[in-house]
Every structure is written in C-alpha cells, then in structure tokens.
Amino acid sequence: MSKQRTLFSFFTKSPPLSSRGGKPGPEAVAAPASAKKDDISPRQAVKENGSGACKLRRSPPKRPRTTAAASTSPFFTKGGKAARKEVASSRTAAPSQACDFVPGDVVWAKLEGYPWWPSLVYNHPTTNEYLRGKGKSLRIHVQFFDDPPTRGWVSVKYAKKYTGLDSKEVQRGGVYFSGKPEIQRAMVEADRAHQKSREKRLELAVCTEPSEPEDEDDNVEEDVEMEVGDQSTVSEEDKENKSGEDKENNGEEDKENNSEEEIRPRKRSSRAVRSASVKAKRRRVVVESDSEAESSEDEFKPDQQEGSSDECSSGVDEKDISEPEIETDPESPVKTPFKRKRGVAAAPAPPVAKSTSISPPEAPRRPALLSTGTKSRLSAFSAPDSFECQAAGSTSGSPSPTAVWDHERLEWLKPGRRKDGKRRREGDPDYDGSTLYVPEDFLSKCTPGMRRWWELKSLMLDTVIFYKVGKFYELYHMDAVCAVGELGLTYMKGSWAHSGFPEIAFGRFSDALVQKGYKVGRVEQTETPEMMEARCRATAHPTKFDRVVRREVCRIITKGTQTYSVLDGNSSESCSNYLLCLKEAPACCGNDAVPGHCRSYGVCFVDTSMGKFHVGQFVDDRHCSRLRMLVAHHVPVQVLVEKGNPSAETRKVLKGCLFSALQEALQAGAQFWDARKTLKVLAEEGYFSEGEREALGSSLPPALRGMVSETDSLGLTPGEDWELALSALGACIFYLQRCLVDQELLSMGNFEVYVPVDVVGEGPAGGHIRSGQRLVLDGVTLTNLEVLRNGTTGSREGTLLEQLDRCCTYFGKRLLKQWLCAPLCDPAAIEDRLHAVEDLMAAPGPAAEMLELLKKVPDLERLLSRIHSLGSPLKSNDHPDSRAVLYEETTYSKKKIADFLSALEGFKVFQELLRVVEPSVAGFKSKLLKQILSLKGTGTDGLFPDLSAELQRWGMAFDQQKARNTGVITPKAGFDPDYDRALADIKETDAGLQEYLEKQRKRLACRAIVYWGSGRNRFQLEVPESMADHHVPEEYELKSTKKGFKRYWTKAIERLLEAMSSAEERRDAALQDCMRRLFYNFDRNYKDWQAAVDCIAVLDVLLSLMHYSQSGEGSMCRPVVSYDADRTQPFLELKGSRHPCILKTFLGDFIPNDVVIGHKGAKDLENGHGDQQASCLLVTGPNMGGKSTLMRQVGLLVIMAQMGCYVPAESCKFSPVDRVFTRLGASDRIMSGESTFFVELSETSSILQHATHHSLVLLDELGRGTATYDGTAIASAVVKELAENTKCRTLFSTHYHSLVEDFSHSSAVSLGHMACMVENECDDPSQETITFLYKFIDGACPKSYGFNAARLANIPEEIIQKGHKKAEEFEKTTVSLRLFKEICSLFEDADVNLLKLQPVLKKIAKI
C-alpha cells in the first residue's frame, strides 16, 4: 500500500515563491512541543499553548485531511532523501498576523472553499470573544448576512473591509462579484447595516447556533482515529523514511533550540507516537460537483501537514472523495461538516479516552493488510509507478529563500532565449509564441510522464495545461505558478512548482482562468494502467517511455470557444460571447473616394455555446463604420486576425472598441487559410455529410453554397466577392480544430449570411423606406444613448436594455438585445408589433399564466447545442474525449440525462403554453402573434411546429426517474431496434436451452438434471453420478465434477452458448452507446425544436414589452407612425415626453417636455413660415440645464417606438427614421491615438456622409474642442449643410450665441432653449441665483450662465470674480467689433443718413 497513497499527501502547503524559506513545515512546528512535553495530554497542551496547539484534536473547518507523509515523492524526482533534508533546513518560524477589525465592523468574510460573503464582526455568544488563535492561525468571529443568519470563525486573511455596493470590487469582474441572488440580498442587508452606527449594528447579531468548529469539538472521537503498528514488522523502506524524518526534525530543532544533545532522545520517543497517530488521522475531502453548486467559488486548500506520496496524485479511493451525507444549503457560507466513512478493510480505531494523558500501548497491534483485490482496484485510480516528474539526477525540496523554481533555471526557457517549435528566436518576424523548442537532451533526462508534459507544453506554450494524473488534474512549473496566483491553489513540496485539484472541480477552476483571459488545455488519460500493460506486452521492445499511460489533449478552452460541456458546467450569463475572425483587403469606393481610404472586410463570428455561425463580406468607409457597428451589435470576446493583414486604422478600431477582448494573430496560409483551402477542408472532413444535405447531393449548407462559384460542381472554387468571407471562415475552422470543438459545432450546419444593417435590399431605394429595412444604430449611437451599457461602469444599470428587459428566458433576452440593436423601419411591421402588445394587454389572464410558465423554461438554445454535441457520431468515433478515462463518469452521465430531461420538460411547457393561449388567438389583431402561437398547417400561416407526437414518443422511451438516479438509460421495448433485437435473440436462445434441457431429462429419465456454471462455463449439464456411470450418451463431454455429480457439455450447448454470448455482447454494446444514439435521434429533429424556441423567444420579448408598457410610471402612449412616400418632409412630434431611463431626478419627478421637428408649430406660424417646416432645431440653454438629457430622450423614444413598444409620453407621432446619429459628450480615444476634437470631427464626418432625408441627427456642442472662431465656423457650416441640403431631423445644441444669431431668421432652422429662472441678475455673478426649470420652450437663451456652473463646482470665489471681469472685457470687445462692422457697412451705402445711424450710435453710447 506504500505506493497507493492519495493525492492529498502531495498537497502540502509550500510558501509563496518570495518567501518559501520562511514558513515552517508541520514537523518543524510540532517538534519542540513534542520533545519537551511528550508526557502531557493534548488538553493540557491546549491550556498552555492556546487552542491551536493540539493539532490532533482540532482542525479548521472544511480542510481536507489524509495520511501524512514526510518526504517529497520519488515518484516525481530522484534523490528524495536529500530533498527532505533541504526542505527541513529551509524552514523558519511563521510571522504573526494582526487584526484590524473590532466588533460591529461590516466585512467581507470567506470560509475556505466558499464564496466571499458580507458579514458582521461580533463577540462569540458564549465565550464573549471575537478573536481566536495566534499568528497565521488567528481567526475572527463573524455573523454572515444569510437567511437565516449563520456564524463562524474565519481566518483573518479572509476578512476584508466592506466598502458598499458601489465599489468596483462588487461590480462584474471584481473580487467580490457574484450573480447569485442570495449573495446579492446579503449585500443589500450589509449596505443597510453599514449605514448604521456600531451599536445599532451589534443589535443585528442574533445567531446563537453552534458554528462548524464547535460541532467538530463534540465529535472529536469520530474525526480522529488511532492505529499503532508493530515496529517489528516495519519494512526497511519505512525505517529509512523514519530515519530521514528524525534527521529532518532534529535539524529544525537544532535551529530553534540550539541544544541538539538534549532534544534528540525525547524527540525519538515522541515521534513514534505522533507518527502513528498522524498516519491514522484522515479526513474525507468532499468536493461538490458543478451540477450541485454551479456558482460556488470553492477553493481546494490542501492541509499543511500533508506530505507527498510515492505517486503523482495517485489514486484516491472512491470513499475518500464522495458526495456529502448531509444535505445543506449550497449557497450558505457556513456548511455542516462531513464525517469520514470508515473503510471496511481498515482496522477499527480505538476510542479516544477523555483522560488527561494519552500514552502508546505497550503491545502495539499489527496494522491490517490490504487484500490483493483491494490493491488491484486502487491501482486503477493511480498513475504508473514509473512516472516521475523531474529530470533524472535532480534533487527536490523547497529551495532557499533566495532561490528560484527549477523551471526558472532552464536557460532555454528564459525570456529572450526562447525559440519556437521551428527554432525561430523571439526577434524573428515569423516567431510563433504559442510553441516552444525543448532540447532533446533535456527530454531524454526526463521521466516518461514529465517528458510527455514537456512535449505537450512545447505545442501549447500559451496554454495552462490541466494534466490528468489518476483522479486529479495536476499543474506543473509555470502553469502551477499561474494557478497558485490566480486560483489560490497551494504549492506542493519541492523545488519545482507543482499544484493540483480533484477532477470534479475542473469546471470551476477552468472557468475562473478562462474568464481572466487564459487558455486552458485539458489533458486526459486515454488508457488505464491495464491497457498500458497490454500495449507494452504487444510491443516487441518497450522502452521506459512506453511504460506510462497514454495522455492526449481533449480540449482547449478560450474565452471565445466555451461550449459549457458537462465538465465545464453551465453559463450564468444570457448574452452571447462571440469569437470573431476578420480579414481585410483594399477596396474601391467610387470615383470620388480617396485611394486607400476604403476597404473590404471578410468576417466570420460564432457563438460556440449555440453553434451558430455568421459569415459575411462588406465594403466599409474610411471610418470603419460598418466594422464598428458589427462589434457593437455582436460584441466579441476574442478576435482572430491574420499576421500583418489588418491595416493601422483597423487595428486602432479593434484596440479602441474591443480593449477588453482577447486578440490573437494567426500565421497566413498555415493557420489563417485562404478561401480555396477552406472549401477543400470542408469537403474532406465531411462535417455536413449527414441528414438532408447529403440526400440533396450537396454537402454544404445553403448559406455557404451561395458563396461557391456556380460553375464549379465540386464546390471547391470561391464565388466572386466571397474570398475574404471564406478565408475568415477558414481561420475560424482552424481555431476550432485546435480547440477540438470543430466537429460538434460545424456538424450542426447552422450558418447565416451576415449583412450589415445599413445595407438596403437590391435595387435603388430612391430615398424611400423599404420593406424589411431596419433602423441603423452604430456603435457610437449605442454608446452615447446608453442603450446596452452605461458609460460610467459599463454595466446594464440605467440603460434602455435594463428598463425593457422583463424577459423570463435566456433566449428571449438575447432576442430582445437584437431587436434593440436593429429596430424596425417598415411602418406596417411596427404597427403589427404594437398590435401584438395591445392584444397581450387585452388578455391579462392568459398573459400572466404564460409569464409563469416561461419562468420554468431553461436555456433551450444552448441545451439543443449540447445535446447535438453529445449525440454527434463524428465526435464519438475519433475524438480524444471518447477515449478519456473519467473517474466521475457516473456524475457526468447524470448531468447529461438531467440536461436532456430538462430540455424535454421545457418543450412540454411550450405545449402547455399553447393550450393556455389557444382560446384567445382567434381574437388577436396582430399577424405576428397569431403566427407564433398557431401550429403549422392550421390555415393561419402558423409557425409553431407540432411537437406533441415527438414529446409523447420521448416520454415513453425510457424510465426517466431511474435514468436520473442511476445515470444509465435503459430503453423501453420498441424504442431502440438494436437493443430490442439483442433482447429477442437472448430470449430465443434461452428458450432453446430450456427446451434442450427438457429433452435431455426425458432422454436420461432423470428430472434432477440441471444447468450449472457461470460466464463462459455456463450451461453445463449437472448429472447425478449414479446416473452418469450408466446412461451418459457418447456426445457428452465431461467438463467438471463434484462429489456426487458430473457436469457435461455437448456440441448443441456450445452452439447455444455462443449464440447467447453474441446476443449479450450486442445488448451491452447497444446499452453502452444508447445514450449517444438517443441524443442523436433527438437531434435529428433539430429544425423543429429550434423553430419552437424561436417562436417562444418572440413571445417572451412581446410579453416583456407589454409588461413595460403597462408598468411604466406616468402616462404611456401608443406611438402613431405615419409614412407617405409622396410626403417630402419627415417629422417628429412628442408631447409630454419623458426620459425612459430616468424615472426620478434629485429634485423630484422628471419634468416632461414637448419636442416638435419638421411639423407646423406655433413659431412657424408666428413668423410667417407656414409653408416652410424647419427640420433643424437649434437648442440653447444654461450649463447643466438639461440639453443633453433632452437629446438623448428624443433618440431613445424613437428607438422604442420603432421597436413596437409604448413610450413614456402623452402622445408620439412620427415618420420612420432610417438611422440615428449622435455626437454627444466630449471624450478622446487614447487607445486609438485620437484627440477629443478629432473624435468630434470623425463622428461629424460620418454623419455628413451617411445621413439621409429620413435620419435623426443629435449633435451636442460641436466645435468646443478647438478655438472659438474655428469651432463656431465649423458648427455653422455643419448646421447649414444638415438644415438646407440633407434636410434631416436634427437637434443641434450649442453655446455659440453668434451661431444662434446667424440662423435666427432662417426658415430651415427653429430655435428652442431649456428654460431657467434668474434672480438678482447683476454684474456680480456671486449674487445671481439660477433655478433650472428643465422645460424646453421656444426661442434662444440669452446667456449660458457658465459662472453659475463654476460656483456649483466649488471653484474659488476670487477666481470666479477674475473670470467675470475678463468675460466683460471679451464681451465689450466683441460688441465693439460687431458695431464697427455695422457702421462700415452703413457708410458703404451712398444713401446713408443720420436716421440709419441712430440705432448704432445708441448701442455705442451704452458701451
């Protein structure tokens, strides 16, 4: 059993790299106490040294414990004894740790293995103390804000100051962020407590239930087991180890006490007792699977006192890691401790006496030996004995404080000296940073297991490898350093970096690294030790490198390629995470275009969690408008480009718009394929060789078929204008192949052609709104209007999406986002959606029932993709995952079945939903609503597929409850033909055997003849010996005997046994592949399942719009959209409109406003412009008066109206808008190297180029980024162009009052301002009182009242006074110049007289 130890003996806590020599080992800490006080009891030791002194009796909660070993394993390195000495000599006393908190403080607290939780520090209810322990064992007593409240002792290092809900650490990406409602509720409670006084907070401490350590105290006898072995039977190896341990401990004592002579005799006497007790003291490690606690942030923290094993995480028996015996709330921060199960083969531990001393027995018993069968079963969970993890001849152990890890000493691995897989140095332009050259002489010195790791690492240098060893994932060298720093894992002993965790925790740890931007590679064992031995026996001359279990890369996970398999766990986000592949080429934009300023893009982006590909190619302008719109609508988390391909402008866009996305460059040709290679690979790999496409004679999906040349019947020549798109698709396929998910995703054949939203259908539009056209919202507009994310924190808070999103399903939320990014333009379609919202509002009963039913529906889009992956025959044939040895296979099988049954239940909910709404469908006015709620073929153009027959068939396919409990699917009769045939053959053969037995009984005239045997020796005829001696026929062949009986076989029995064995093998094979074939058969109806999901997604969004339309505060109105193709002037009329995202202001209720553009208003009639309707509205007003809010309000209401939603206004009338442009706020783009004014002009340039007669333009203070004269001139020219030439609806806010004067008499421009009330207006600005009325009225505002804003911003009064004087001087100078110009112009007139000069002279007199 010495070589069958558990993984946890490897998980001894090594100190961090910067201070490895400063942390004492468990033996070093315990040695002085044992040497000096070996005759006292543990209870006395507690009294003298504190509660943490007795390590045998007490341990922190939820810490895994197992058999301790004293040496670093020779399984990894050679020279283990020397390493042990080095480990012992490098340890010193641990520094103490102070506590900064007192009772009444609100903190973030964390039990090891659980999420951060808002908590309250308070005194223990019985001991009246809030601190326990010393140094690094110091713990603090807290009450968790839970329901009901719970309490516990947490380590001081896991207690952090609570800073409130608004802190960055609580937001997405922060340390304390959690999407779980339990923790969010706890944060709200903590926030309330945080605002109270300390005395009031302490009144919240009401929990008096015992915490976990207190529960353990009551059950010490069950947690500690003692077994003392007979020293006379100890092997020579054990004696050597003991000797090494004694030397190690004595060396430590020599440092601490400087009296080696006195300590050594007593140390040896106490060591025997402690060694025996520590060996026996084992604690079971309970690791929750992701299916049970998907959002848990458990950390695997090995115990400090564990040693290393003889194997690299060799097998742990199933009993050591098992499911919890006691059900607890998975979200609670305080858990019920679990007790270790006693093994059957282990000797029972004697009870721990509660006396004052514990002394070793005088006649120790011999430890129980493991049977051969048990050893054999254990060996199945372990790595081979020959696997070592260091180069031969190297030593192990913890390095000295100034030393570095072993891999950091390798010259060829140091930065600047690395070479890639083709031996190119880092300075080479073709250097591939994802590969590494590992010298062959180094590999030849490595052990077989570590050689394989380095071979894989040389191909995946940029990937963190989770390397399967037995039942655990190990991380070595630089990967271990990364895991310890990012995941909080613990180093194992040794001079080389090494850490790991159990298989069941893969999803949790891999997702944590992936979300931080790392690539994670999962390497599995693809054969068992028995299979390895069989392979070696079949090899003529196996080497030492053959005698290690085969391991293969089964998956590489990146942020853009997550598929959320059963090992990965479920996604907690509803949004899509896209992988974008991009290729660029120069393009011609027309005769007037500047050469090199236009470009073509080929794009392919995919959401790997759903397997949906979008492939397209388009021409873009110099501002990359369409590319910016693409990345705003479909936000990628990872971008792939060709090395040297993107232009500098494109790189700036990617860097500025996608600063948080991972960007990776692929080598041209080899990795980023051209169009021809892409088509060739698609044809050769056979991704689309199944189903209807094969029957139609084409292997490509329809979307891709249109990109192939019509003259090429083989489909290997790209079509015109599709080379870039197919090349981008090739890069995507290559990357998915590298990540080993290409088969499961491409075989779905789910492809769509991507067409930019602003590309109108074929044929000239003629300036009219076309059917199917969408409202274009580019990335700048989505950002400025805060449609999807706010500009402060980047979250959904305060956005239009947050206001409208009342969806119950994840696929509904995704569709709502698509509708928001591309609202409708067709008036008929807008009216139909508004009819749908009205219909649902008119049927409140069915609508409420539907909402309740939709809350039960899982994310069916992702489940359908997962079921396809599990049932794919391509993946089951040659994918490495099909060969992987998974020790939690039963757990994974249960998760697969649970997902499948969850999908079935979701579709059953759809059927129930249709039954609920069926009586109301006939009365609906909306054609869309009727279509999605009516079955196909019912005469109403229904789109919902009839799923009743399929659901009934699947409901009868197998025993669902049994499958859920066992993880095994046994099909019922009639469902699986192969299984049914095998069962029929078994039954038929069994009947033949019984018939043959009856014939033999009659033949021998003996009813006592029966069949005997098992396995391959079954069906032997057992004949009484008295009968056998005289009546046995000649064809009987004697097989075995028993006292009083003889057993025979015949040729007929052999034939029947062979038939039985064959049928049983076919039955077992059918059962083994039954789950995959079941998923495959379900996936064959993918189109119907997906069509049902699409219909319900539309219903969910319409219900969400209905909910908002009913529950919005204040008056809500149905928009009235009118469009006449012959009408030349678009218009917008809003009465009593409010901002949809600002329900209240700091002054009270939001003040509604009227906005009229392009319509006959009062001002037009007064000025005699009744026939001219101004399309441009020039907005002025005081600083902070609400101009920008008004402009954003108008833009958001137009988006909502064209989505088909009610708007917060008394009335809303408009003609459709084809595009909304915004130029709001002032900001630069540092990442792109663009100044504030350049950004303003770039956005304005895009508006002037793309705005049409039907556009809505919102321009806020254009020109403020440059000199006043330049800014005024540019602003004036832009207003003139938009108002007189483009004639689109425009809101232009400005503080340039000269601009207002220039256009005050223009018929194309009307004036409006945000009203304010000024009291005590005088020359002294400090005496003025400005009251903002936030009301939009006609006319121009005389001043901007900038000094009022300065005073509100607490600018010093003397600076304001100086500025006011300077402003008066500027104003006088400006007025004087204007009057001088006016006089000059008057004197140029020959008819000038005093009467004409008099007004000007009066103005001069005032100055």
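## Thoughts on the overall build of the protein
- Across its full length, the protein holds 46 helices and 34 strands.
- Looking at the 1407 residues of the protein, the share that counts as buried comes to 52%.
- Look at the contacts in the protein between residues 6 or more apart in sequence, and 73% of them connect residues 24 or more apart.
- For the protein, the accessible area works out to roughly 63600 Å², and carbon and sulfur atoms hold 52% of it.

## Brief notes about the nonpolar core
- With 116 residues, the main nonpolar core has Phe 900, Phe 907, Phe 910 and Leu 933 as its most contacted residues.
- Per-element accounting of this core gives the leading share, 15 residues, to helix H38 (residues 1086-1111).
- Apart from residues no more than four positions distant in its own chain, Phe 907 is found in contact with Leu 860, Leu 864, Leu 947, Leu 951, Phe 1082, Trp 1089, Ala 1092 and Val 1093.
- Ranked by size, the runner-up nonpolar core spans 60 residues in total, among them Cys 446, Ile 556, Tyr 687 and Met 707.

## Observations regarding the sheet that holds strand E28 (residues 1176-1180)
- Ordered in space as E18-E30-E31-E32-E28-E33-E34, the seven strands form an open sheet in which the pairing is mixed. The two strands at the open ends of the sheet, each matched to only one other strand, are strand E18 (776-777) and strand E34 (1329-1338).
- Of the pairings in the sheet, the one linking strand E30 (residues 1219-1223) to strand E31 (residues 1256-1260) comprises four bridges and is parallel in character. Of the residues in E31, the one forming a bridge with Phe 1221 is Val 1257.
- Strands in contact with helix H41 (residues 1236-1250) are E30 and E31; relative to E30, the strand with the most contacts, it is inclined by about 155 degrees.

## Describing the environment of His 879
- Within the secondary structure, His 879 is located in the loop between helix H29 (873-878) and helix H30 (889-921).
- C-alpha separation for the pair His 879 and Val 553, spaced 326 residues apart in sequence, amounts to 9.9 Å.
- Ignoring any residue separated from it by four or fewer positions in sequence, one finds His 879 in contact with Cys 554, Leu 740, Gln 743 and Leu 874.
- Engagement of the side chain of His 879 in a polar contact is seen with the backbone oxygen of Leu 740, the distance being 2.9 Å.
- A distance of 3.0 Å separates the side chain of His 879 from the backbone nitrogen of Asp 881, its partner in a polar contact.

## Considering the packing of aromatic side chains
- All told, the structure shown has 38 aromatic pairs when counted by the stated rule.
- Plain terms: the ring middles of Trp 405 and Tyr 491 are 4.7 Å apart, the flat faces sit at 45 degrees to each other, and that makes the pair tilted. With a gap of 86 residues between them, Trp 405 in the loop between helix H10 (372-379) and helix H11 (440-445) and Tyr 491 in the loop between helix H13 (477-487) and strand E9 (498-502) connect regions that are remote in the sequence.
- Taking the relative accessible area as the measure of exposure, Tyr 491 reaches 5% and is therefore buried.
- On the basis of an interplanar angle of 70 degrees and a centroid distance of 5.6 Å, the ring pair of Trp 954 and Phe 1082 is categorised as edge-to-face. Placement of the pair is Trp 954 in helix H32 (residues 948-955) and Phe 1082 in helix H37 (residues 1074-1083), with a sequence separation of 128 residues.

## Topic: a nonpolar patch on the surface
- Taken together, the side chains of Val 753, Val 755 and Val 759 present a nonpolar region at the surface, about 210 Å² in accessible area.
- Among the secondary structure elements, Val 753 is positioned in strand E17 (residues 751-753).

## Structural notes on the side chain of Arg 1289
- Structurally, the position occupied by Arg 1289 is in strand E32 (residues 1289-1293).
- Although buried, Arg 1289 forms no salt bridge, and the nearest oppositely charged side chain, Asp 1218, lies 6.3 Å from it.
- Of the polar contacts made by the side chain of Arg 1289, one reaches the backbone oxygen of Phe 1131; its length is 2.9 Å.
- Of note is the side chain of Arg 1289, whose polar atom sits 2.9 Å from the backbone oxygen of Ser 1215.
- Excluding residues that lie within four positions of it along the chain, Arg 1289 makes contacts with Pro 1130, Phe 1131, Leu 1132, Ile 1157, Ser 1175, Ser 1215, Pro 1216, Val 1217, His 1254, Ser 1255, Leu 1256 and Val 1257.

## Structural notes on the environment of Gly 135
- Structurally, the position occupied by Gly 135 is in the loop between strand E3 (131-132) and strand E4 (139-144).
- For Gly 135, a relative accessible area of 17% gives the class buried.
- On a C-alpha basis, the gap between Gly 135 and Ala 98 in space is 7.5 Å, while along the polypeptide they are 37 residues apart.

## Let's talk about helix H4 (residues 181-194)
- With 14 residues, H4 should reach 20 Å at 1.5 Å per residue; the first-to-last C-alpha distance of 20 Å fits that figure.
- Residues of H4 that are buried make contact with strand E1 (106-109), strand E2 (117-121) and helix H5 (198-202).

## Remarks on the confidence of the model for the protein
- Counting all residues, the mean pLDDT for the protein is 77, and 73% of those residues have values of 70 or more.
- Here residues 761-766 is a poorly scored stretch, pLDDT under 50, and it has five contacts once near neighbours within four places are set aside; other chains count.
- Of the regions scoring below 50 in pLDDT, residues 1161-1172 engages in ten contacts with residues more than four places distant in sequence or in other chains.

## Describing the pattern of salt bridges
- The tally for this structure, following the rule as stated, stands at 54 salt bridges.
- Here Asp 899 ties to Arg 866 by a salt bridge, and the two come within 2.7 Å at their closest N and O atoms. With Asp 899 in helix H30 and Arg 866 in helix H28 (residues 860-871), this residue pair connects regions lying 33 residues apart in the sequence.
- Classification of Arg 866 as buried rests on a relative accessible area of 10%.
- Its salt-bridge partner being Asp 978, residue Arg 981 comes within 2.5 Å of it at the nearest N-O pair. Taken together, the positions of Arg 981 and Asp 978, both in helix H34 (residues 977-1004) and three residues apart, correspond to about one turn of that helix.
- For Arg 981, a relative accessible area of 49% gives the class partly exposed.
- Taken together, the shared-partner salt bridges connect Lys 468, Glu 503, Arg 522, Glu 524 and Asp 881 into one network.

Parameters and conventions
- Residues numbered from 1 in each chain as written.
- Predicted model: local features only at pLDDT ≥ 70, side-chain atom pairs only at ≥ 80, totals over all residues.
- Heavy atoms only, no water.
- Helix = DSSP H or I, 4+ residues; strand = E, 2+ residues; numbered from the N terminus.
- Buried < 20%, exposed > 50% of the residue type's maximum accessible area, 1.4 Å probe, protein only.
- Contact = heavy atoms within 4.5 Å.
- Areas by Shrake-Rupley, 256 points an atom, 1.4 Å probe, with all protein chains shown as cover.
- Core = buried A, V, L, I, M, F, W, Y, C linked by side-chain atoms within 4.5 Å.
- Pairing = 2+ DSSP bridges.
- Axes fitted to C-alpha atoms, helices over the stretch in contact; angles between N-to-C directions.
- Polar contact = N/O pair within 3.5 Å; in protein donor to acceptor, adjacent residues only side chain to side chain.
- Phe/Tyr/Trp six-rings, centres within 6.5 Å; stacked < 30°, edge-to-face > 60°.
- Patch = residues over 30% accessible without salt bridge, like charges linked within 9 Å, V, L, I, M, F, W, Y side chains within 5 Å.
- Salt bridge = Lys/Arg side-chain N within 4 Å of Asp/Glu carboxyl O.
- Lys, Arg positive; Asp, Glu negative; His and termini not counted.
- Expected span 1.5 Å × (residues − 1).
- pLDDT = per-residue confidence, 0-100.

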